[in-house]
Amino acid sequence: MDREKIKYTDEELIKRFQQGDERAYIELVKRYKDRLLNFVYRYLNSFEQSEDVVQDTLMKLYTSAHMYREIAKFSTWIFTIAANLAKSELRRLKRRRVISIHSMGFDDKEYEIPSESYDPAKETTSNYGEKQIQQAIDTLPDQFKTVIILREVQQLSYEEISQILGISIGTVKSRINRGRLRLQKMLKELKEQ
Amino acid sequence: MDCYSFDRIISDYIDANLNVKQRQEANEHMSVCPRCREKLMDLEGILTELSSLPKCQTRSDFESRLMDRIAHSKEQKERRFIQVFQDYSRPISVVAAIMLLVATSIFVYTSVVIPNSPDSIPSAEIRSIEVNRPMPAPVAATAVQPALVSTNSESVIPDSNKVESPSYNNQIMIVNENK
């Protein structure tokens with residue numbers, strides 16, 4: 001049974017799902033849940049919220065599978081959905097952080113910093129470098145952050161990134177170059193602190 | 001090549017996207033510029049670290065939670081449909097009853113009232129009016145027309161070779177008799 005499943009490409013699986021085969025959907029979920037989580041997690045830097053975004057992405061896959069056309073690779077399509085949802089979530093989180101800071105009065109002597117969500121990276125590794133790298137990624141402007149994660153963490157090609165973000169390959173190259181240099185600069189500053 | 005130009009092609013250098021000439025120029029520049037050489041090495045190290053960042057995994061109940069959400073959303077959709085139907089059931093039934101009533105009355109009117117009405121039988125008066133209208137000149141005489149107007153018992157077999165001109169006088173007379 002498993003051998004049979006491995007034979008199918010992502011595009012074949014989504015086609016089968018479009019024809020009503022729910023097992024194909026489950027197979028796609030198994031293939032993509034962790035890949036998507038890694039991408040969204042590096043983008044949001046919060047495990048729980050990232051898992052929620054991945055759930056939303058896969059829900060969207062379930063409800064909007066008919067929207068997929070075979071002109072694009074399935075991975076490109078699903079990453080596009082995840083990237084858009086992650087962007088919206090990041091915007092929402094930023095807004096919430098700003099609101100919560102504003103809502104704190106000057107008279108508030110005590111306040112509780114919300115405990116950070118479950119972070120597997122913290123549990124699995126104590127590598128200081130990783131923390132610094134994640135910090136540097138967080139400081140990158142959105143346009144550089146997305147391309148850097150897609151390229152360096154997800155190891156996607158320039159062409160795939162260009163399709164996901166709907167920008168030219170030239171722009172992707174330029175953003176990757178500038179993003180890498182910014183990241184390097186940021187890490188240097190963090191090391192010096 | 002200067003340091004500024006090197007910064008612009010550093011990614012292409014790492015990704016091996018430069019042609020032989022550009023690569024050679026970059027190498028020549030690095031051989032004389034320790035800053036750019038260090039920068040390249042440092043950046044390569046960062047990228048290696050980035051690609052080997054620990055991978056996170058979804059929690060073990062991720063799939064079951066997802067399936068629950070899907071089932072829940074399906075249920076909600078169905079419930080919403082039922083709710084809409086319940087909310088609008090009274091107006092829907094009133095509209096349906098009115099439409100049924102209108103359809104029934106149209107049916108009754110067309111199938112029972114109209115065929116039995118006296119207007120449906122053509123009267124002699126109308127026919128006489130039609131007779132009084134000026135008759136258009138016959139375009140071509142046909143052999144069938146005399147047969148149609150023959151009310152006498154004797155039947156006339158039309159001669160196909162003989163062209164007869166229609167007699168309208170007969171028609172006028174018949175109508176007058178009916179009157």
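In this convention, every chain numbers its residues from 1, walking through the sequence in written order. All chains are assigned letters beginning at A, and all ligands numbers beginning at 1, according to the order in which they are written. Predicted model: local features are reported for residues with pLDDT of at least 70 only, side-chain atom pairs are reported and counted for 80 or more only, and whole-chain, interface and lining totals are derived from all residues.

A. Looking closely at the overall build of chain A. Secondary structure elements follow DSSP: runs of H or I of four or more residues count as helices, runs of E of two or more count as strands, with numbering from the N terminus. The helix and strand tally for chain A stands at 10 helices and 0 strands. In chain A, the succession of helices and strands from N to C terminus is α-α-α-α-α-α-α-α-α-α. In chain A, which comprises 193 residues, the proportion classed as buried is 32%. We call two residues in contact when the distance between their C-beta atoms, placed using the backbone, is within 7 Å. Across chain A, the fraction of contacts at a sequence separation of at least 24, relative to all contacts at a separation of at least 6, is 66%. Once C-beta atoms are placed from the backbone, each residue is buried if 20 or more other C-beta atoms lie within 10 Å of its own, exposed if 12 or fewer, and partly exposed for counts between those two.

B. Main features of the overall build of chain B. Counting its regular elements, chain B contains 8 helices and 0 strands. Beginning at the N terminus, the succession of helices and strands in chain B can be written as α-α-α-α-α-α-α-α. Considering only contacts in chain B between residues 6 or more positions apart, those separated by 24 or more positions represent 47%.

C. Structural detail: the nonpolar core. Core membership is restricted to buried Ala, Val, Leu, Ile, Met, Phe, Trp, Tyr and Cys residues, and these are joined into a nonpolar core through C-beta atoms within 7 Å. Leu28(A), Leu36(A), Phe39(A), Val40(A), Ile78(A), Ala82(A) and Ala86(A) are the most contacted members of the largest nonpolar core, which has 51 residues in total. Looking at this core element by element, the count peaks at 12 residues for helix H3 (residues 22-44) of chain A. Counting 5 residues, the second largest nonpolar core, distinct from the first, contains Ile10(B), Tyr13(B), Ala26(B) and Cys36(B).

D. Broad picture of the interface of chain A and chain B. Listed as interface residues are 31 residues of chain A and, on the opposing side, 24 residues of chain B. No other element matches the 8 residues that helix H10 (residues 169-192) of chain A contributes to the side of chain A that touches chain B. Looking at side-chain class alone, the side of chain A that touches chain B contains 16 nonpolar, 8 polar and 7 charged residues. Residues are grouped as follows: Ala, Val, Leu, Ile, Met, Phe, Trp, Tyr, Cys and Pro are nonpolar; Asp, Glu, Lys and Arg are charged; every other residue, Gly included, is polar.

E. Spatial organisation of the confidence of the model for chain A. pLDDT expresses, on a scale from 0 to 100, how confident the predictor is about each individual residue. Averaged over chain A, the pLDDT score is 82; the fraction of residues at 70 or greater is 80%. Counted against residues more than four places away or in other chains, residues 105-128 of chain A, with its pLDDT under 50, gives 17 contacts.

F. Main features of helix H4 (residues 62-87) of chain B. With 26 residues, H4(B) ought to run about 38 Å at 1.5 Å a step, and its terminal C-alpha atoms sit 37 Å apart, in line with that. The buried count for H4(B) comes to 1 of 26 residues, which makes it a mostly uncovered element. Helix span, as expected, comes to 1.5 Å for every residue beyond the first.

G. The packing of helix H2 (residues 10-18) of chain A against H3(A), seen in detail. Residues and elements named next belong to chain A. Between the N-to-C directions of two axes lies an angle of 0 to 180 degrees, each axis being a line fitted to C-alpha atoms and, for a helix, fitted only over the stretch in contact. Axis separation between H2 and H3 bottoms out at 8 Å; the angle between their running directions is 140 degrees. Our pair here, H2 against H3, has a crossing hand that is left-handed. Where H2 abuts H3, its residues Asp10, Leu13, Ile14, Arg16 and Phe17 lie against Ala24, Tyr25, Glu27, Leu28 and Arg31. Considering only residue class, the contact of H2 with H3 consists of 6 nonpolar, no polar and 4 charged. Rotating anticlockwise by less than a right angle from the far helix to the near helix defines a left-handed crossing, while the corresponding clockwise rotation defines a right-handed one.

H. Fine view of the environment of Ser162(A). Relative to the elements of secondary structure, Ser162(A) occurs in helix H9 (residues 158-165). Of the residues examined, Ser162(A) has 19 C-beta atoms within 10 Å and is grouped as partly exposed.

I. Quick peek at the packing of helix H1 (residues 3-14) of chain B against helix H2 (residues 20-32) of chain B. Residue and element names in this part refer to chain B. Closest axis-to-axis distance for the H1/H2 pair is 11 Å, and the angle between their directions is 120 degrees. With respect to their mutual orientation, H1 and H2 come out oblique. Between H1 and H2 lies a crossing whose hand is left-handed. Each of Phe6, Ile9 and Tyr13 in H1 lies in contact with H2, whose residues at this interface are Gln22, Ala26 and His29. Classifying every residue of the contact of H1 with H2 by side-chain character gives 4 nonpolar, 2 polar and no charged. Working rule for angles: under 35 degrees goes down as roughly parallel, over 145 as roughly antiparallel, 65 to 115 as roughly perpendicular, anything else as oblique.

J. Focus on the confidence of the model for chain B. A residue-level look at chain B finds 64% of positions with pLDDT of 70 or above and a mean pLDDT of 76. Reported for the predicted complex are a pTM of 0.64 and an ipTM of 0.75.

K. Fine view of H3(A). Roughly 40 degrees is the biggest bend found in H3(A), and it falls at Tyr32(A). Directly after H3(A), the chain includes Asn45(A), whose backbone phi takes a positive value near 60 degrees. To get the bend at a residue, fit one axis to the 7 residues ending there and another to the 7 starting there, then take the angle between the axes.

L. Spotlight on unusual backbone geometry. For Gln155(A), which is not glycine, the phi torsion reads 55 degrees and is therefore positive. Summarising the element assignment, Gln155(A) is placed in the loop between helix H8 (142-153) and H9. For Ala16(B), which is not glycine, the phi dihedral falls at a positive 55 degrees. In this structure, Ala16(B) sits in the loop between H1 and H2. Classification of Ala16(B) as exposed rests on a count of 7 C-beta atoms within 10 Å.

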